[in-house]
Amino acid sequence: ADVESRGLGDVYKRQNQYRLQNDYDGARQQFDSLLNYSKDDSEIYWSILLCDYGIEYVKDPQTKKRIPTCHRTIASPITKNPNYISAIKFASSDEARELYQQEAAEIDRLQKDILSISQTVDPYDIFICYKESDDNGARTIDSVIAQELYDKLQQDHYRVFFSRQTLKTVPGTTYEPYIYAALESSKVMIVIGSQRKFLESPWVKNEWNRFLAQIQRGAKKLLIPAYKGMSPY
């Protein structure tokens, strides 16, 4: 069975928009809710898997094919992921199953590349999480505050991950190994926000949610929200 045959096609498409906008946490919550109606649908499990690994399909300018880019890293093999196992189990055909296996092999390769690069990155003490640009592409006040905080922490001899500075020579498509390494090594994350929508923007949420998940799994880390001009609630 699949979402179309159950009359859930339109719902699935709407929920998939979250993933296409790189809001992987929002998308995952939506797809999880779909499982209440269809627990044997391989496409739902596969979509959840794509959210877990933060997969964005980017068009290759030469081949015109859409190739996966990973925005999240999981150290364990993709074949051990329960959503992958369910997608394979409930695949509607041998062709669908083979496609999942091929895509998973490529994602697994990307993950290994990310982990390999991340191991070459020196550890950080503090991760500054913030929104760099507003809807018009202008620098946010959050970015300015983050810069001031970064400069002060640097003076105090902390090793700080501040994307505006740390990633300035890194191509956008290869950010993940450095972000992953910083999230794993940092003991403190400071989340700066002057507006709720900045804190909830996909890339900012992607960072603090992953750090928070480490804390919830028992990591001895500290997440500090630093807000300006807004209610803490």
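Our structure is the block above this text.
Fair warning: this is a prediction, and the values are worked out from it, not measured in the lab. (Residues numbered from 1 in each chain as written. Predicted model: local features only at pLDDT ≥ 70, side-chain atom pairs only at ≥ 80, totals over all residues. Heavy atoms only, no water.)

Asks: Looking at this model, I keep getting lost on the packing of helix 8 (residues 176–185) against helix 10 (residues 202–216). Mind explaining?
Replies: How two helices pack is summed up by the angle between their axes together with the distance between the axes. Where helix 8 contacts helix 10, the two axes come as close as 10 Å, and the packing angle between them is 40 degrees. Relative to helix 10, helix 8 is oriented so that their crossing is right-handed. Here helix 8 contributes Glu176, Ile179, Tyr180, Leu183 and Glu184 to the contact with helix 10, which in turn contributes Glu207, Arg210, Phe211 and Gln214. The residue makeup of the contact of helix 8 with helix 10, split by class, is four nonpolar, one polar and four charged. (Axes fitted to C-alpha atoms, helices over the stretch in contact; angles between N-to-C directions. Helix = DSSP H or I, 4+ residues; strand = E, 2+ residues; numbered from the N terminus. Left-handed = near helix turned anticlockwise from the far one by under 90°. Contact = heavy atoms within 4.5 Å. Nonpolar A, V, L, I, M, F, W, Y, C, P; charged D, E, K, R; others polar.)

Asks: I tried to follow the sheet that holds strand 5 (residues 188–193) on my own but got confused; where do I start?
Replies: Note on sheets: strands pair through backbone hydrogen bonds, and any given pair is parallel or antiparallel. If you walk across this open sheet you meet the four strands as 4-3-5-6, and the pairing is parallel. A strand with exactly one partner marks an edge of an open sheet, and here the two such strands are strand 4 (160–161) and strand 6 (222–227). Summarising the sheet, strand 5 and strand 6 pair through six bridges and their orientation is parallel. Within strand 6, the position partnered with isoleucine 192 by the bridge is alanine 226. With respect to the sheet, helix 6 (residues 141–155) is in contact with strand 3 (126–129), strand 4 and strand 5, its orientation differing from that of strand 5 by roughly 150 degrees. (Pairing = 2+ DSSP bridges.)

Asks: Is there a simple way to think about the nonpolar core in this case?
Replies: General note: in soluble globular proteins, nonpolar side chains tend to be found buried as a group. Judged by nonpolar contacts, the single largest core of 26 residues is most densely connected at Phe31, Trp46 and Ile107. For this core, the secondary-structure elements that each account for two or more residues are helix 2 (24–34), helix 3 (42–52), helix 4 (82–89) and helix 5 (94–118). Looking at this core element by element, the count peaks at seven residues for helix 3. Apart from the residues within four sequence positions on either side, isoleucine 107 is in contact with Leu50, Tyr53, Ile55, Cys70 and Ile78. Residues Phe161, Ile179, Ala182 and Leu183 belong to the second largest nonpolar core, which totals 16 residues. (Core = buried A, V, L, I, M, F, W, Y, C linked by side-chain atoms within 4.5 Å. Buried < 20%, exposed > 50% of the residue type's maximum accessible area, 1.4 Å probe, protein only.)

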